[in-house]
Amino acid sequence: MDTAGFCTQARVLIVAGKGGVGKTTVAATIAQMAATAGLRALVVEIEGKSGLGAAFGETEKLNYDERELAPNIRARTVTPDFALVEYLEDHGLRRVSKRLSKSGALDVVSSAIPGIKDILVLGKVKALAREDPADLIVVDAPAAGHAITFLASARGLLDAVRVGPIVEQARDVDEMLRDAARCQVVLVTLPEETPVNEAIETAFGLEDRVGIQLGPLVVNGVYPPLDLDVGALDDAGLSARDADALRAAAEFRLHRQELQAAQLKRLADRLPLPQIVLPQLFTSAIGAAEIKQLAEAMERRVAELPTVSV
Amino acid sequence: MSAIRELAARRSVVVCCGSGGVGKTTSAAALAVEAAALGRRACVVTIDPARRLADALGLGELTNEPRQVEGAWSGELWALMLDTKTTFDALVVKYASDPAQAERIISNRLYRNVSGALSGTQEYMAMEKLHELHTTGRFDLIVIDTPPTRNALDFLDAPRRLTKLLDNRIFRLLIMPTSSYLRAVSAATQRVLRTIARVVGAEVVDDAVAFFEAFEGMEQGFRERAQAVTALLADDATAFVVVASPRRDATAEAVFFADKLVEAGLGVDGVIINRMQPTYGDGDITVPANATSALRTLVENRNAFDALAQSEHAQLNGLRGAAGDAAIAYVPMLLDDVHDLSGLDLVRAHL
């Protein structure tokens, strides 16, 4: 499958996964891959964390104002509070929105309606999908177990409340989520026991409770295969200390590679989705150079995927 | 004894905080096992719904009440998994003036949403459970694992959140008996409510009003409880441990947590950094000029780990600064993922 085709399968790609699996890195990587293919990408950050800017070498936090992080890559945040105020303003309640939030009545209202904040965030994403000139909108979703709650918010509300403008909003969001041409989820995980369990659970949860189309799985941090032969240490003319260090490092990697292979297999057995494997980079700070490197790796994996029509 | 172990040995409450995926649950369990090994009665409270901790401790499942874990220690080890709704229901029953009032609250839709792990209730109930266990006097040490929240230290505010909700002026006015003054304010209030109703539907407003009516008379109990929890957190016998991994975003979050704890006057007593890349040998390893490619690959592998470890240490500088004089424990990435008591022992050895 070619990169541009992959990136435009759906207008909105929601990147989801457990905390610490590298969701933000993957969102940035997809945007970079799209930009390299000549597409315009908009990345939407939900939680107001600093990771996305940092992935492109920016030190300042993102905010509601859009910012160009790299050629063809724009980014902004959409937080629940922002989405709520904007929603009220759009509904002719500009004057009262401030008073409502000041009096604390908004807290009460958002406690009273299941998932209203999530619906408003997704409603804003839906509006961006309609109005923004970007070819692809990448959403860096909140950490799982929030992922299911976040995406199931519209369905939940439709079950609980019957009338009112917010119900229309929920219906629109629900429609977008169930339309594979408009919206898909990219689940991110690590090749380890707990993240794999969680990815499997989330995938089933999303299909059952949201009815959203799952795109390929992205598995982060997979050791690139190295042909390690500790036999090469025999008569290599190294000091015993150096030889021991090399042996221990090789054993660590071989053992971890084996565990990773077993987890990748388990994931493939349980989830019949294409896997995009991204290499472990030997750094703890992912920056613009690393994102480019990951985007190239992702491009190669995407090229191997069969072409699907939605 | 290291300063982190000292916490397990002497404190009566240890609160573990950190972002998701950094090994918080494992760290909390390791601290509790350490205390049990030192002869104390320890209880670990987790909010992790994955059965990992239950499996690691050899328990079929965890419940909202402490279950004892069998093991080769001189003290006692207990574990429980927080059930937010059950804990909240128990609290309502405790402060309700009669069973009918409790029933009215528990069946209210707003309450069901509030109690169902939304809007920081999980944090609130974690603190409530902590207080409840502490009051029983059954344990020398309670180690509590906090939820990975978007807003790092929600649990500090959590006990106050409900009382704030109950204090909400608009709703208080709405359910108060009418005097002429209040009736005048109520007209304005009614307008606000009508506005809300227009946006979100009248059902929601009705629910909210019913909720506050149902809570009438119970606020004082909740308020006192919130104050007791706040006092327990501020007590000298309570320690805060920040858990992190050496990746940039996790350390940035950890610094944020540490700063907030200091700001709140609670301070950081310990830092645990999990999944540090181990290194192999010191300095450069030079290979003979005629080295085979297999040997060069082995060196390449070792050097990659070395580079990663160095980048991790550089990453941690900011956190070391934010931690002040708190003890820092570095737990290496282990050969296998931690999934049983012997794995917890390996973690413990590094505390």
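On a predicted model such as this, the values are computed, not experimentally measured, just so you know. (Residues numbered from 1 in each chain as written. Chains lettered and ligands numbered in written order. Predicted model: local features only at pLDDT ≥ 70, side-chain atom pairs only at ≥ 80, totals over all residues.)

Visitor: Just to check I follow, could you spell out the overall build of chain A for this structure?
Guide: Helix and strand content of chain A: 12 helices and 9 strands. Along the three orthogonal principal directions, the C-alpha set of chain A runs to about 80 × 40 × 40 Å. Put simply, chain A has 310 residues, and 48% of those count as buried. Here the contacts in chain A between residues at least 6 apart in sequence split such that 75% fall between residues at least 24 apart. (Helix = DSSP H or I, 4+ residues; strand = E, 2+ residues; numbered from the N terminus. Buried ≥ 20, exposed ≤ 12 C-beta atoms within 10 Å, placed from the backbone. Contact = placed C-beta atoms within 7 Å.)

Visitor: Which parts of the structure should I look at to understand the overall build of chain B?
Guide: Looking only at helices and strands, chain B features 16 helices and 8 strands. The 351 residues of chain B split such that 49% are buried.

Visitor: Is there a simple way to explain the environment of R104(B) in this structure?
Guide: Structurally, R104(B) is set in helix α5 (residues 99-106). Take R104(B): there are 18 C-beta atoms within 10 Å of it, and that puts it in the partly exposed class.

Visitor: I'm lost on unusual backbone geometry in this one. Help?
Guide: Excluding glycine, residues mostly carry a negative phi; peptide bonds, for their part, are mostly trans. Residue and element names in this part refer to chain A. Not every positive phi belongs to a glycine, and N72 is a case in point at roughly 70 degrees. Relative to the assigned elements, N72 resides in the loop between β3 (67-70) and β4 (73-77). Overall, N72 belongs to the partly exposed group, with 19 C-beta atoms counted inside 10 Å. Although it is not a glycine, D235 adopts a positive phi angle of roughly 55 degrees. With respect to the helices and strands, the residue D235 is situated in the loop between β8 (217-222) and α11 (240-270).

Visitor: How should helix α7 (residues 121-136) of chain B be read in this particular structure?
Guide: Helical geometry note: an α-helix holds 3.6 residues per turn, so side chains three or four residues apart project in the same direction. Residue and element names in this part refer to chain B. For α7, spanning 16 residues, the distance from its first C-alpha to its last is 23 Å, which sits close to the expected 22 Å at 1.5 Å a residue. Across the 16 residues of α7, 13 count as buried, placing the element largely inside the fold. A positive backbone phi angle near 70 degrees is found at G137, which sits one or two residues after α7. (Expected span 1.5 Å × (residues − 1).)

Visitor: What is the right way to read the sheet that holds strand β4 (residues 76-81) of chain B from this model?
Guide: In sheet architecture, strand pairing relies on hydrogen bonds along the backbone and comes in two forms, parallel and antiparallel. All names here are of chain B. Spatially, β3-β4-β2-β5-β1-β6-β7-β8 is the arrangement adopted by the 8 strands of the open sheet, whose pairing is mixed. Each end of this open sheet is capped by a strand with a single partner; those strands are β3 (67-69) and β8 (327-332). On average, each strand axis in the sheet is tilted by 20 degrees relative to the strand beside it, whichever way the strands run. For strand β1 (residues 13-17) and strand β6 (residues 238-244), the ladder comprises 5 bridges, and the chain directions are parallel. If you follow C17 over to β6, its bridge partner there is V242. Along the sheet face, helix α2 (residues 24-37) touches β1, β2 (41-46), β4, β5 (141-145), β6 and β7 (270-276) and points at about 170 degrees away from the line of β2. (Pairing = 2+ DSSP bridges. Axes fitted to C-alpha atoms, helices over the stretch in contact; angles between N-to-C directions.)

Visitor: Can you help me understand helix α16 (residues 341-348) of chain B in this one?
Guide: All names here are of chain B. Every buried residue of α16 is listed here: L341, L344, V347 and R348. Around the axis of α16, the buried residues are gathered within 105 degrees of arc, so they sit on the same side. Where α16 is buried, its residues contact α2, α3 (52-56) and β8. (Arc of directions from axis to C-beta.)

Visitor: In this structure, what is going on with the nonpolar core? I would like to understand it.
Guide: Nonpolar side chains tend toward joint burial in soluble globular proteins. The biggest cluster of nonpolar side chains holds 90 residues, and the ones touching the most others in it are A32(B), A42(B), C43(B), V143(B) and V242(B). When residues in this core are grouped by element, the largest group, 9 residues, is from α2(B). For A32(B), the residues in contact, after removing those within four places along its chain, are A42(B), C43(B), V44(B), L77(B) and V143(B). Listed in part, the 88 residues of the second largest apolar core include A31(A), V78(A), I212(A) and I291(A). (Core = buried A, V, L, I, M, F, W, Y, C linked by C-beta atoms within 7 Å.)

Visitor: Just checking my understanding: could you explain the packing of α7(B) against helix α12 (residues 219-234) of chain B for this structure?
Guide: When two helices pack together, you describe them by how their axes are tilted relative to each other and by the distance separating the axes. Residue and element names in this part refer to chain B. Where α7 contacts α12, the two axes come as close as 10 Å, and the packing angle between them is 80 degrees. Between α7 and α12, the interaxial angle falls into the category roughly perpendicular. Contact residues: M127, E128, H131 and H134 in α7; A228, V229 and L232 in α12. Residue composition of the contact of α7 with α12, by class: 4 nonpolar, 2 polar and 1 charged. (Parallel < 35°, antiparallel > 145°, perpendicular 65-115°, else oblique. Nonpolar A, V, L, I, M, F, W, Y, C, P; charged D, E, K, R; others polar.)

Visitor: Just checking my understanding: could you explain the pairing of strand β5 (residues 136-140) of chain A for this structure?
Guide: Residue and element names in this part refer to chain A. Within β5, 5 of the 5 residues are buried, which leaves it mostly tucked inside the rest of the structure. Every second residue of β5 is oriented toward a common face, with L136, V138 and D140 on one face and I137 and V139 on the other, all of them buried. Here 4 bridges tie strand β1 (residues 12-16) to β5, and the two strands are oriented parallel to one another. When the bridges of β5 are listed, I14 appears paired with V139. Both strand β2 (residues 41-45) and β5 contribute to a ladder of 5 bridges, which runs parallel. In the sheet register, L42 faces β5, and the bridge partner there is I137.

Visitor: Explanation requested: the pairing of β1(A) in the structure shown.
Guide: Remember that side chains alternate between the two faces of the sheet whenever the strand is regular. β1(A) sits mainly inside the fold: 5 of its 5 residues count as buried. Residues V12(A), I14(A) and A16(A) of β1(A) are buried on one face, and the alternating residues L13(A) and V15(A), pointing to the opposite face, are buried as well.

Visitor: What is the right way to look at the environment of E47(A) in this model?
Guide: Along the chain, E47(A) turns up in the loop between β2 and α3 (51-55). Residue class for E47(A) comes out partly exposed when judged on the 18 C-beta atoms lying within 10 Å of it.

Visitor: Mind showing me how you'd approach the packing of helix α10 (residues 193-209) of chain A against α11(A) here?
Guide: Residues and elements named next belong to chain A. Where α10 contacts α11, the two axes come as close as 10 Å, and the packing angle between them is 10 degrees. What the angle tells us is that α10 and α11 run roughly parallel. Facing α10, whose interface residues are E193, V196, A199 and I200, α11 presents Q263, R266, L267 and R270. Its residues assigned to classes, the contact of α10 with α11 comprises 4 nonpolar, 1 polar and 3 charged.

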